[in-house]
2 protein chains.
Amino acid sequence: MNLQDFFPYRLAVLAEAVSRSIALVYTARFNLTRDEWRVLAALAETGAMKTTHVIEHTTLDKMQVSRAVKQLACDGYLDRTGDPDDGRGYVLQLTPQGRTLYRKVVPMVQAREAFLLEDLTPEERAALDSALRKVWLRTHRLVRQD
Amino acid sequence: MNLQDFFPYRLAVLAEAVSRSIALVYTARFNLTRDEWRVLAALAETGAMKTTHVIEHTTLDKMQVSRAVKQLACDGYLDRTGDPDDGRGYVLQLTPQGRTLYRKVVPMVQAREAFLLEDLTPEERAALDSALRKVWLRTHRLVRQD
DNA sequence: TATTGTTATACTCTATAACTATA
DNA sequence: TATAGTTATAGAGTATAACAATA
């Protein structure tokens, strides 16, 4: 076996470097954690959302979302109101400041994404997308059985 | 922007799940950390190596390698001797027990890798490999300028 | 009884830098 | 003065589960 060619190793090293270069934007310039950024993005895309849906949409767990929401609310980026359908839950929604913040971050991280993918043709991007999707499905099968 | 389609997000989520499913093998069954596993793999492939080369070969930093080496040596999986060319450095080499451990872990992680890639044709694998390589080069350019 | 969301706590990882010994 | 490697320490992130409120 060669570690350099071992797919999980390559994927881990690449993802770590990519995450780092993206995270630099929202941490250094906007003082957001990764979890806060994900919650912000999820809410910006979908409008008002229940906490449960944010959890699904961000691949975070309930504690991570709970803390990210607390901080974002504290910073004035989101509003939290009781869920009329379920007294235990909440409905989350960005404030105007939250939407403004999102609109500042998005072009910056998108520029970085574009830079990373710049050497790929549209066909290569489609092939990458398809391959990652297939690997993702297989990974889920593995994780479920553990 | 859609978080679900955002490449860095997808890559991070996938890599985390893949890492987790692989790490389960060497942590739960062999009580190795990720760093120890990488050092073990690097040494098994290349034979005797200087610490500096292990650092390059594993994408770990010097503290991570220092601690992993310490633990592996303590567990009897590797030998550390002074580098004859440089009194500050060391030459690392697996012991027979280290090689035995490696030979136990490899087929298990390779089976998982094979499972993950099973839905991809050889052409799709080559396309994935090529795409990840290109993205890797771009990522390095981004990381260097930060 | 089960679920939503919060909180506490312990644990692991990471980052920074100080330190030694050699070069 | 710079480098190889070790150690210390603080900070961030992660995991587990206990808990209150509601279903």
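Definitions and limits used
- Residues numbered from 1 in each chain as written.
- Chains lettered and ligands numbered in written order.
- Predicted model: local features only at pLDDT ≥ 70, side-chain atom pairs only at ≥ 80, totals over all residues.
- Heavy atoms only, no water.
- Contact = heavy atoms within 4.5 Å.
- Buried area = accessible area lost by both parts, 1.4 Å probe.
- Salt bridge = Lys/Arg side-chain N within 4 Å of Asp/Glu carboxyl O.
- Polar contact = N/O pair within 3.5 Å; in protein donor to acceptor, adjacent residues only side chain to side chain.
- Helix = DSSP H or I, 4+ residues; strand = E, 2+ residues; numbered from the N terminus.
- Nonpolar A, V, L, I, M, F, W, Y, C, P; charged D, E, K, R; others polar.
- Least-squares fit on C-alpha atoms with pLDDT ≥ 70 in both.
- Pairing = 2+ DSSP bridges.
- Axes fitted to C-alpha atoms, helices over the stretch in contact; angles between N-to-C directions.
- Near = heavy atom within 4 Å.
- Buried < 20%, exposed > 50% of the residue type's maximum accessible area, 1.4 Å probe, protein only.
- Phe/Tyr/Trp six-rings, centres within 6.5 Å; stacked < 30°, edge-to-face > 60°.
- Core = buried A, V, L, I, M, F, W, Y, C linked by side-chain atoms within 4.5 Å.

Student: Help me out: how do you make sense of the interface of chain A and chain B in this one?
Tutor: Interfaces are often sized by the accessible area lost when the parts come together. Residue-level contacts link 59 residues of chain A with 59 residues of chain B. A buried area of about 5900 Å², summed over both sides, lies between chain A and chain B, and 67% of it is on carbon and sulfur atoms. Note that Arg10 of chain A is salt-bridged to Asp129 of chain B, the shortest N-O span being 2.4 Å. At the boundary of chain A with chain B, the tally comes to 20 residue pairs in polar contact (both at pLDDT 80 or more). Going through the elements one at a time, helix H1 (7-29), helix H2 (34-46), helix H3 (51-58), helix H5 (96-117) and helix H6 (122-145) of chain A are the ones with two or more residues in the side of chain A that touches chain B. Across the side of chain A that touches chain B, the residue classes tally to 32 nonpolar, 10 polar and 17 charged.

Student: For this particular structure, what's the right way to read the relation of the copies chain A and chain B?
Tutor: The operation linking the two copies of the chain is a rotation about an axis combined with a translation along the axis. Overlay of chain A on chain B (RMSD 0.0 Å): rotation 180 degrees, translation along the axis 0.0 Å. Look at the turn and shift together and you get a two-fold axis relating the two. For chain A, the minimum C-alpha distance to the rotation axis belongs to Leu128 of chain A and amounts to 2.8 Å. When you check the interface residues of chain A against chain B, 100% turn up at the interface there too, and the contact is symmetric in its surfaces.

Student: Quick question: what am I supposed to make of the sheet that holds strand E2 (residues 78-82) of chain A here?
Tutor: The strands that make up a sheet pair up through hydrogen bonds in the backbone, lying either parallel or antiparallel. Residue and element names in this part refer to chain A. The strand order across the open sheet formed by three strands is E1-E3-E2, and the pairing between neighbours is antiparallel. Across the chains shown, the open sheet's two edge strands, defined by having one partner strand only, are strand E1 (49-50) and E2. As paired strands, E2 and strand E3 (residues 90-94) are joined by five bridges and run antiparallel to one another. Among the inter-strand pairings, Arg80 is bridged to a residue of E3, identified as Leu92. H2 rests against E1, E2 and E3 of the sheet, and its axis sits at about 85 degrees to E3.

Student: Would you mind showing me how to read the protein's contact with DNA strand D here?
Tutor: Around DNA strand D lies a shell of 19 residues, among which Gly87 of chain A together with Arg20, Ser66, Arg80 and Arg88 of chain B are the nearest. What you see for DNA strand D is that sugar and phosphate hold 55% of its atoms within 4 Å of the protein. Within the side chain of Arg80 of chain B, an N or O atom sits 2.3 Å from a phosphate oxygen of DNA strand D. Between DNA strand D and Tyr90 of chain B there is a distance of 3.2 Å, counted from a phosphate oxygen to a backbone nitrogen or oxygen. A total of five residues in the surface near DNA strand D trace back to one element, the largest contributor, which is helix H4 (residues 62-74) of chain B. A per-class count over the surface near DNA strand D returns three nonpolar, six polar and 10 charged.

Student: Sorry if this is basic, but what is going on with the side chain of Thr139 of chain A here?
Tutor: Residue placement: Thr139 of chain A occurs in helix H6. On the basis of relative accessible area, Thr139 of chain A is assigned to the buried category, the value being 1%. With residues up to four places along the chain from it excluded, the contact list for Thr139 of chain A reads Leu14, Ala17, Val18 and Leu116 of chain B.

Student: Explain the packing of aromatic side chains here, please?
Tutor: Centre distance and the angle of the planes are the two values used to describe a pair of aromatic rings. Residue and element names in this part refer to chain A. If you walk through the whole model with that rule in mind, you get four aromatic pairs over all chains. Plain terms: the ring middles of Tyr26 and Trp37 are 5.7 Å apart, the flat faces sit at 20 degrees to each other, and that makes the pair stacked. Taken together, the positions of Tyr26 in helix H1 and Trp37 in helix H2 put the pair 11 residues apart, joining distant regions of the chain. Here Tyr26 matches Trp37 in class, with each residue buried. Relative to Tyr102, the ring of Trp37 has its centre 6.3 Å away and its plane inclined at 20 degrees; by these criteria the two rings are stacked. On the criterion of sequence distance, the pair formed by Trp37 in helix H2 and Tyr102 in helix H5 is long-range, its members being 65 residues apart.

Student: Would you explain the protein's contact with DNA strand C in this entry?
Tutor: The environment of DNA strand C is formed by 19 residues, the closest being Arg20, Ser66, Arg80 and Arg88 of chain A together with Gly87 of chain B. Backbone atoms, meaning sugar and phosphate, make up 57% of the atoms of DNA strand C lying within 4 Å of the protein. Take Arg80 of chain A: an N or O atom from its side chain is 2.3 Å from a phosphate oxygen of DNA strand C. With respect to DNA strand C, the side chain of Gln64 of chain B contributes an N or O atom lying 3.3 Å from a phosphate oxygen. Listing elements by their share of the surface near DNA strand C, those giving two or more residues are H3 and helix H4 (62-74) of chain A together with H4 of chain B. Per-element accounting of the surface near DNA strand C gives the leading share, five residues, to H4 of chain A.

Student: So what exactly am I meant to see when it comes to the nonpolar core here?
Tutor: Within soluble globular proteins, side chains that are nonpolar generally end up buried alongside one another. Counting 92 residues, the largest nonpolar core has Trp37, Val39 and Leu128 of chain A together with Trp37, Val39 and Leu128 of chain B as the members making the most contacts within it. Not counting residues within four places of it along the chain, the set of residues in contact with Val39 of chain A comprises Val54, Thr58, Leu60, Ala68, Val69, Leu72 and Leu78 of chain A.

Student: I would appreciate a short explanation of the pairing of strand E3 (residues 90-94) of chain B in the present structure.
Tutor: Both faces of the sheet carry side chains from a regular strand, because those side chains alternate between them. Pairing geometry for strand E1 (residues 49-50) of chain B and E3 of chain B, over two bridges, is antiparallel. Bridging across to E3 of chain B, Lys50 of chain B finds its partner in Val91 of chain B.

It is worth stressing that arrangement in space is one thing and function is another; only the former is reported here.
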